[in-house]
Amino acid sequence: MASFTQVLKTFMLFLIPAYLTMAAVSTPSQEDDQSWLRYWVVISLFSLMELPLDNLDFLPGYNITKLVFGMWCLLPGPLSGSNVIFQMIHPLFEKCHYQINSHMQDIYSNMAYRIFSYIFQNFKIGGESFPNIFQFIEKASSMKDYLPNISNLFGQSNEAKTDIFG
């Protein structure tokens, strides 16, 4: 069962801001939307850092410090924690985002290749249990030409297509 501080942190850092974000999105002003986007970026990074740091919860005041940090991020205005920290993070992001995008595309491409490979290998192995699917594929002359085009979305080479589609 969750402790009181975990419930309070979840309520304060996620539920209330989620409601306020939905309210901000409903207004015509873009400024409040950007403010909440900054908040969610900072809280996401804070949550990632919290994974290894949660082992420090034996330190006195650790949970209080996390709650105070969350409250600071929720403050409105230019001295808000989310604005201050976002102003420190954004220049680093601007410098490195092309490299990060390149790595993310490689990861997504690799994952998509593995998922499609797994799916199609299982169809080949378990073909007896899917006879209608394979009859349809055999009858559809353009199906083999269509399927490799799907993998082009993920930037796979012809060798990868041959590996997947046989």
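Everything below is about the structure printed above this text.
Residues numbered from 1 in each chain as written. Predicted model: local features only at pLDDT ≥ 70, side-chain atom pairs only at ≥ 80, totals over all residues. Heavy atoms only, no water.

1. Comments concerning the overall build of the protein chain
Moving on, step 1. When helices and strands are tallied, the protein chain shows seven helices and zero strands.
Moving on, step 2. In the protein chain, the succession of helices and strands from N to C terminus is α-α-α-α-α-α-α.
Moving on, step 3. For the protein chain, buried positions account for 25% of its 166 residues.
Moving on, step 4. Expressed as a percentage of contacts within the protein chain between residues at least 6 apart in sequence, the contacts between residues at least 24 apart total 54%. (Helix = DSSP H or I, 4+ residues; strand = E, 2+ residues; numbered from the N terminus. Buried < 20%, exposed > 50% of the residue type's maximum accessible area, 1.4 Å probe, protein only. Contact = heavy atoms within 4.5 Å.)

2. What about the packing of helix 1 (residues 4-25) against helix 3 (residues 62-74)?
Moving on, step 1. Following both chains from N to C, one finds helix 1 and helix 3 inclined at 15 degrees, their axes separated by 10 Å at the closest point. Classified by the angle their axes make, helix 1 and helix 3 are roughly parallel. Remark: the crossing between helix 1 and helix 3 carries left-handed chirality. For the pair helix 1 and helix 3, the contacting residues are Thr 5, Leu 8, Lys 9, Met 12, Leu 13 and Pro 17 in the first and Asn 63, Lys 66, Leu 67, Gly 70, Met 71 and Leu 74 in the second.
Moving on, step 2. Along the lines of polarity and charge, the residues of the contact of helix 1 with helix 3 split into seven nonpolar, three polar and two charged. (Axes fitted to C-alpha atoms, helices over the stretch in contact; angles between N-to-C directions. Parallel < 35°, antiparallel > 145°, perpendicular 65-115°, else oblique. Left-handed = near helix turned anticlockwise from the far one by under 90°. Nonpolar A, V, L, I, M, F, W, Y, C, P; charged D, E, K, R; others polar.)

3. Some thoughts on a nonpolar patch on the surface
Moving on, step 1. On the surface, a nonpolar cluster with roughly 780 Å² of combined accessible area is contributed by Ile 100, Met 104, Ile 107, Tyr 108, Met 111, Ile 115, Tyr 118 and Ile 119.
Moving on, step 2. Inspection of the secondary structure puts Ile 100 in helix 4 (residues 81-125).
Moving on, step 3. Exposure remark for Ile 100: the relative accessible area of 43% places this residue in the partly exposed category. (Patch = residues over 30% accessible without salt bridge, like charges linked within 9 Å, V, L, I, M, F, W, Y side chains within 5 Å. Areas by Shrake-Rupley, 256 points an atom, 1.4 Å probe, with all protein chains shown as cover. Salt bridge = Lys/Arg side-chain N within 4 Å of Asp/Glu carboxyl O.)

4. Digging into the packing of helix 1 against helix 2 (residues 31-53)
Moving on, step 1. Relative to each other, helix 1 and helix 2 sit at 155 degrees, their axes nearing to 10 Å. Viewed along their axes, helix 1 and helix 2 adopt a mutual orientation that is roughly antiparallel. For the element pair helix 1 and helix 2, the recorded crossing hand is left-handed. Facing helix 1, whose interface residues are Lys 9, Met 12, Leu 13, Phe 14, Pro 17, Ala 18, Leu 20, Thr 21, Ala 24 and Val 25, helix 2 presents Asp 32, Asp 33, Trp 36, Tyr 39, Trp 40, Ile 43, Phe 46, Ser 47 and Glu 50.
Moving on, step 2. Among the residues forming the contact of helix 1 with helix 2, the class breakdown is 13 nonpolar, two polar and four charged.

5. Topic: the environment of Leu 79
Moving on, step 1. One can find Leu 79 in the loop between helix 3 and helix 4.
Moving on, step 2. Once residues lying within four places of it in the same chain are set aside, the contact partners of Leu 79 are Trp 72 and Val 84.

6. Overview of the nonpolar core
Moving on, step 1. Counting twelve residues, the largest nonpolar core consists of Met 12, Leu 13, Ala 24, Trp 36, Tyr 39, Val 42, Ile 43, Phe 46, Leu 67, Phe 69, Cys 73 and Ile 85.
Moving on, step 2. When residues of this core are traced back to their parent elements, those giving at least two are helix 1, helix 2 and helix 3.
Moving on, step 3. Counting residues per element, this core draws most heavily on helix 2, at five residues. (Core = buried A, V, L, I, M, F, W, Y, C linked by side-chain atoms within 4.5 Å.)

7. Considering the environment of Gln 87
Moving on, step 1. Here Gln 87 lies in helix 4.
Moving on, step 2. Judged by its relative accessible area of 57%, Gln 87 is exposed.
Moving on, step 3. Taking the C-alpha atoms as reference points, Gln 87 and Arg 38, separated by 49 residues in sequence, lie 9.2 Å from one another.

8. A few points about the pattern of salt bridges
Moving on, step 1. Across all of its chains, the model carries two salt bridges by this definition.
Moving on, step 2. The salt bridge involving Lys 9 is made with Glu 50; its shortest N-O contact spans 2.7 Å. Here Glu 50 lies in helix 2 and Lys 9 lies in helix 1, a separation of 41 residues in the sequence.
Moving on, step 3. Glu 50 sits in the buried class, given a relative accessible area of 7%.
Moving on, step 4. Between Glu 50 and Lys 66 there is a salt bridge, with its nearest N and O atoms 2.9 Å apart. A residue pair is termed long-range when its members are at least 10 positions apart, and Glu 50 in helix 2 and Lys 66 in helix 3 qualify at 16 residues. The pair formed by Glu 50 and Lys 66 is uniform in burial state, with each residue classed as buried.
Moving on, step 5. Connected via shared salt-bridge partners are Lys 9, Glu 50 and Lys 66.

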